[in-house]
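Topology and contacts: notes
Listed below, chain by chain, are the residues.
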Amino acid sequence: MNIVTYTVEPDIPEPLKPLKELANNLWLSWNFDAVMLFMRLDYDLWIESRQNPARLLGMVSQERYEELSKDDSYLAALSRVHEKFKAYKEGETWFGEKGNGVVAYFSMEYGLDVSLPIYSGGLGVLSGDHMKTSSDLGLPLVGVGLLYRQGYFQQYLNADGYQQEQYPENDWYNMPVSICRNDAGEAIRISVQMGESLVIAQIWEVSIGRSSLYLLDTNLQENAEEFRGITSMLYGGDKENRIRQELLLGIGGMRALRALGINATVAHMNEGHSAFLAIERIRELVTSTSLSLQEAIEAVRPTHMFTTHTPVPAGNERFAPELMQKYFHNIVEGIDISYHDFMALGRENPNDELEHFCMTVLAIRLSSYNNAVSKLHGDVSQEMWKSIWPSIPTHEIPIRGITNGVHVRTWLNHDLIELLDRYFGPRFYDDPTYLEIWDRIDRVSDEELWRTHIRRKERLVAFSRERLQQQYQRRGMSPSDITAAGEVLNPNALTLSFARRFATYKRATLLFRDPDRLYRLLTNSEHPVQIIFSGKAHPHDVAGKNLIKEIVHFAQQPEIQRKLVFLENYDMGIAKYMVSGSDVWLNTPRRPMEASGTSGMKAAINGVLNCSILDGWWAEGYDPSLGWAIGSGEHYDDEEQQDEIESKLLYDLLEREVVPRFYDRGRDELPREWIGMMKSSMQKLGAEFASHRMLMEYADYFYKPALANAERIVGGKYKPAKDLAAYMERLRSSWQEVAVTKAPALPDSSLHVGQEIAIRSTVRLGALKPEDVTVEVYSGAMTMTGEISESQRTAMELEGPGSATGEFIFTANVSLGRAGRQGLAVRVLPRHPELAEELVPGYVVWS
């Protein structure tokens, strides 16, 4: 059958034309007044469209359009919102004037809105908030990802409470995406060689305020079925499909930007999935300029940054050598590099021929800027990847902790936004970088804040009842059960919520270790408590699915049914209800396996109090005035013991502190102390964990330096990269000669705090010159394991040549700042003006 395809668009009357522009820009996802315009079009159709404005426009009848085109109230609201949108796009921004370069931000998933289901969880939602905040700040940044035909799976539970998966097809022609076309109107396409086949991808654009996200799609007739499936589902398929996805994201993503004419001079790899982009950028330089392989590496490395999100080795993508061998020639086409040398870029031990190729290692080795997503995760990542920097003390491993944040306007409930806009003033909207504005929360009266909170709880309860009834109908449950589902939960009861991915380390059922104690907590008629659960287990995670089943079975007890519910198919829509309408947000990960976590941040800015293990962001955010900590951050070798102890600590907190404080009411029936904690949480955490703080840190620490590096390297016709490559070659050939031949000697006299001691040491440099290295004294307090802690670095000055050829004497004065057992050593590091990071893997010599 020869089918001719065509697209039919709605015939929107001229006065309503701005609706199409608004529907196709996800700016509306954080502007509720814009969302209201679409809800007013037809609320029933809004629900049927799954809150998708682009789809809704094609569902509204022509009669309704004609009616609203003459409705002065609706037209006035539309005009206000459209003018607000235009003012936003044209307004001044924090970043200010942009240069010629652009940062390309690569991520496997993006959680921007329920209308664009191409995300699975926290990583995607963070990427979405990253893009929105970039728009707010006016950063020269574009996003790159994949357009998944089926997205992540849709979850439903069978009659036994066991998770099942569905994979509905996304209809891109009724979603806020558009095909990128050239001046002739033709779809822009790129190609990537995979094995013996050439895979074609077309490019779609998502508008996000001032920013753009570009998504690659291989579901084209020109591709064989196995390659059309590359973009069928997020994290789907076997290892071979995963490497194809990552080849498409990294190599295809860079080619897409070139095809679009976007001058991406800097690349940010959000997780290791996109790390092949580094090889592609090297290939571009090698094949289009006279640069050698090493010169090309030194040209791109100072323009790369990498963010790691996982604190467990198994969470980092690794591919077997035989699979890498299959795609090796495709990846390095045009580059003169051996298979061994290429594989070494992705191995912790470059000489281990059996080690699998790790995308995280590849990203780290080819990036000058590396970061984790919280301070604690930074410590964990330094420990995880210290083998890449042998002989460097763990705390010096150059992986910076930049703690995640959340896009406030996306996650603040609209009732609360209305309240805060009134008391915070226009700067709350106009200048999201003014984080001190959260100090104005005390302007809001306890009564108003609590009334707003109760209204949000009522919305959560109503939503939960409706969703639960739909779930029961789908499972074929009895009419009486369906009716009873419409009566679950009580908006006046203390409401705890737990919503996240059902991985076993997140310990969703920690609260179920003592069923009798939990039963008593939930059936207390004087101080009622209720719990809402939601979240998905990975389709292959049987243990995670069993956790969900355990919760559902417990909730089937007659006395519990109305007080504990599980909401299926957790997504951004459910999350917004839960993080705004709960009283307490529970988080029980096994420390330190939660890299950051952001759901608790979303709850905090809504005045929902956190009760969590001191892991991820909560290890920084916790204070007794604004929430509760389960334990004190202890480490356990025995997981069973850990679960037993921490479950009891959680029960104790709930019974002795959380429940009594919530129900401590005065004559006015207001929980004043609780409201005080809500305000403290919003004031402190709203400022500290906003994504605008996060993006300003990325910009200051990474983006601005990397853009400047790119401008200097390209502007200098790659001479900086050539100079650095030549220096590194000299380093490689001569470093084995470098040694501290005479260790520093200490004075014989006793030493006192405040004293300065002269340190003198002889260093053999061989063919290197003194200006090629940094020689320094590394000193500090000694630990019981014989290591230096709380180190101090003191640069040594060249005194002159030593007694032997190639030897030099260096001296320094070291201040003694504290008493106790101290230690010092002399070390030698590389030094070159073009080194973006002075700690170069494999290049340090100690005395």
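Because the structure is a prediction, the values reported are computed rather than measured. (Residues numbered from 1 in each chain as written. Predicted model: local features only at pLDDT ≥ 70, side-chain atom pairs only at ≥ 80, totals over all residues. Heavy atoms only, no water.)

**Notes on the pattern of salt bridges**
Side chains that carry opposite charge are capable of pairing whenever their charged atoms lie near each other. Counted under the stated rule, the structure contains 61 salt bridges. For glutamate 226, the salt bridge is made with arginine 244, and the minimal N-O distance between the two is 3.0 Å. Separated by 18 residues along the polypeptide, glutamate 226 in helix H8 (residues 225-228) and arginine 244 in helix H9 (residues 239-259) bring together distant segments of the chain. You can call glutamate 226 partly exposed: its relative accessible area is 47%. Classification of arginine 244 as buried rests on a relative accessible area of 9%. Here lysine 719 makes a salt bridge to aspartate 723, at a shortest N to O gap of 2.7 Å. (Salt bridge = Lys/Arg side-chain N within 4 Å of Asp/Glu carboxyl O. Helix = DSSP H or I, 4+ residues; strand = E, 2+ residues; numbered from the N terminus. Buried < 20%, exposed > 50% of the residue type's maximum accessible area, 1.4 Å probe, protein only.)

**Considerations on the environment of arginine 281**
Its location among the elements puts arginine 281 in helix H10 (residues 276-288). You can call arginine 281 buried: its relative accessible area is 8%. Counting along the chain gives 15 residues from arginine 281 to alanine 296, while the straight-line C-alpha distance between them is 8.3 Å. Beyond its immediate sequence surroundings of up to four residues, arginine 281 is in contact with Met254, Arg258, Ala264, Thr265, Val266, Ala267, Val300, Thr303 and His304. Of note is the side chain of arginine 281, whose polar atom sits 2.8 Å from the side chain of threonine 303. (Contact = heavy atoms within 4.5 Å. Polar contact = N/O pair within 3.5 Å; in protein donor to acceptor, adjacent residues only side chain to side chain.)

**Description of the packing of H9 against H10**
As a packed pair, H9 and H10 sit with axes 8 Å apart at the nearest point and diverge in direction by 45°. Considered as vectors, H9 and H10 are oriented oblique to each other. Classified by chirality, the crossing of H10 by H9 is right-handed. Contacts between H9 and H10 pair Ile243, Glu246, Leu247, Gly250, Ile251, Met254, Arg255 and Arg258 from the former with Phe276, Leu277, Glu280, Arg281, Arg283 and Glu284 from the latter. (Axes fitted to C-alpha atoms, helices over the stretch in contact; angles between N-to-C directions. Parallel < 35°, antiparallel > 145°, perpendicular 65-115°, else oblique. Left-handed = near helix turned anticlockwise from the far one by under 90°.)

**A look at the packing of aromatic side chains**
Inspection of every chain in the model, using the stated rule, returns 33 aromatic pairs. Ring centres of phenylalanine 502 and phenylalanine 566 lie 5.9 Å apart, and the angle between their planes is 70°; this geometry places the pair in the edge-to-face category. Here phenylalanine 502, found in the loop between strand S15 (494-499) and helix H21 (515-522), pairs with phenylalanine 566, found in strand S17 (residues 564-567); they are 64 residues apart in sequence, far enough to count as distant. By the burial criterion, phenylalanine 502 is buried, and phenylalanine 566 matches it. In textbook terms, an aromatic cluster arises when at least three aromatic residues are bridged by ring pairs, as seen for Phe498, Phe502, Phe512, Phe533, Phe554 and Phe566. The residue whose ring lies beneath lysine 84 is tyrosine 429, and the NZ or CZ to ring-centre distance is 4.6 Å. (Phe/Tyr/Trp six-rings, centres within 6.5 Å; stacked < 30°, edge-to-face > 60°. Lys NZ or Arg CZ within 6 Å of the ring centre and 35° of its normal.)

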